[in-house]
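A closer look at the structure
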Amino acid sequence: MTISLRNRRAGAAATATALALASLAALAGTATPASASGRATATATATTATALVPASGAALKPASPAASTPPASGDPAALTLPRPTGPYATGRDTLFLTDHERTDPWVPAAGARQLLVSLHYPARPGSGGDPAPYMPEAEARLMLAQRGLDDPEWPGLVAATRTFSRTDARPAPGRFPLVLLSPGFGTPRATLTGLAEELASRGYVVATADHPYESTGTELPDGRVLTCAACDEVAAQPDDAGRRKVLAAVSAGRAADFSFLLDRLTGPRPAWRHARAIDARRVGMAGHSIGGNAAASTMAADRRVDAGVNMDGTFFDPVAAHGLDGRSFLMLGTDPDHAPGAGDTSWDEGWARLDGFKRWLTVRDSGHFTFTDTPAIGEQLGIVDPDAPLSAARSTTITRAYVTAFFDRSLRGRPARLLDGPTPAHPEVLFQRP
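Overview of the structure. (Residues numbered from 1 in each chain as written. Predicted model: local features only at pLDDT ≥ 70, side-chain atom pairs only at ≥ 80, totals over all residues. Heavy atoms only, no water.)

Regarding the pairing of strand β3 (residues 112-123)
In plain terms, the rule: Throughout this description, buried means an accessible area under 20% of the type-specific maximum (1.4 Å probe, protein chains only), exposed means over 50%, and partly exposed covers the range between. Numbering of helices and strands runs from the N terminus; a helix is a DSSP stretch of H or I covering at least four residues, while a strand is a stretch of E covering at least two. Only strands that DSSP links by at least two bridges are regarded as paired with each other.
Counted residue by residue, β3 has 11 buried out of 12 residues, so it is predominantly covered. Taken together, the 12 bridges between strand β2 (residues 89-103) and β3 define a ladder with antiparallel strand orientation. Residue Phe96 lies in a different strand from β3, and its bridge partner there is Leu116. Here β3 runs beside strand β6 (residues 205-210); their pairing, made up of 5 bridges, is antiparallel.

Describing helix α8 (residues 345-353)
Quick note on the threshold: This arc corresponds to the set of directions leading from the helix axis out to the C-beta atoms. We call two residues contacting when some pair of their heavy atoms lies within 4.5 Å.
When α8 is considered as a whole, its buried residues turn out to be Ser346, Trp347, Gly350 and Trp351. Seen along its axis, α8 keeps its buried residues to an arc of 135°; they face one direction. Close packing links the buried residues of α8 with β10 (307-311), β11 (328-334) and β12 (358-363).

Comments concerning the state of the cysteines
Note the threshold: Two cysteine sulfur atoms form a disulfide, by the criterion used here, when they sit within 2.5 Å.
Enumeration over the complete set of coordinates arrives at 1 disulfide. Sulfur-sulfur distance for the disulfide between Cys228 and Cys231 comes to 2.0 Å. A torsion of 75° about the S-S bond marks the disulfide between Cys228 and Cys231 as right-handed. Residue Cys228 shares its accessibility class with Cys231, and that shared class is buried.

So this is what it looks like as structure tokens:
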């Protein structure tokens, strides 16, 4: 596929950043993901590797310096996520947790398994401090460097996307369902920020986890930055069967991560200062790519999770043969790649095993990153992907509408007519009934 640039309002800086972001999209959704050391290996995912070239063929020039914190809302050049549409303001906290019962599966010498978690939640209007930062500059730098984009000025441009959640905001009164979010393999949790903010604005507490050593870079509170040892493990495998086995272990390991996280959020001594805002009787989980597989893995391992969403992820760890004990599950993917009988047969197999309320939806003109922040950020920089022409506005609207409707139905018992069948408001969404 070819990426071309159509909006050059920011000149060389926008061009450089657009190419950087497009390369990042290729990294995390590719069928040949690079390892932490820069190697590439052919893994069995649903998407294909991407070649990236400037449409003009012009040489890149150094980008302008940018701050590592979100720019002021009045800055016309600022990148920004789509504004949440729900009635609540949103706050964000960050937790750093250690599971002393488990050794890290990828780097045993590191000791106990650790998690870095973003908590988005409904907040009181007008409370809180500055907008929460989108991504640490060190994490952006590693993602860029992994694709050979190591200009020292670029990470600040990528990191400076403006969010709508405030730090230190006071929670809105009441108790809210909890949604867990898991990002794609090799991808930081920041890429699901837009969905997290939307769900929080609709009255959900949302916990998005970075799984150490499974991302290009995870910056810890003490300044250490952990790189993707799991990517190297995938790269070291001699064949496709070996790679699939490692990726299945990634999904199963994330299930253990989220069970631990649930303990720390809903147990008798919760780690989060606003844990009373969580209604532990209503818990859902969604994920992108391998994170979507992890939603099913977590439900199989932990009965506390009532509903799950897989956004375009292969089931490397298969759906349990006995199903999910009647719990609800949504499969939301690209079309035709994730249509019945298409390339990813794990969806056909998973669908047959799901034994509760279920929907299999595919989206025309979409790409692997349609369900993340990538379209919204990339389009502002003039990125054009002929293989995934769905606009950022439609990508955002569809993802928000169907994920929210699913959780409203599954966790709140609300009517969700959107899930009954095709609608003129969303002609791109196809209901698959194999």
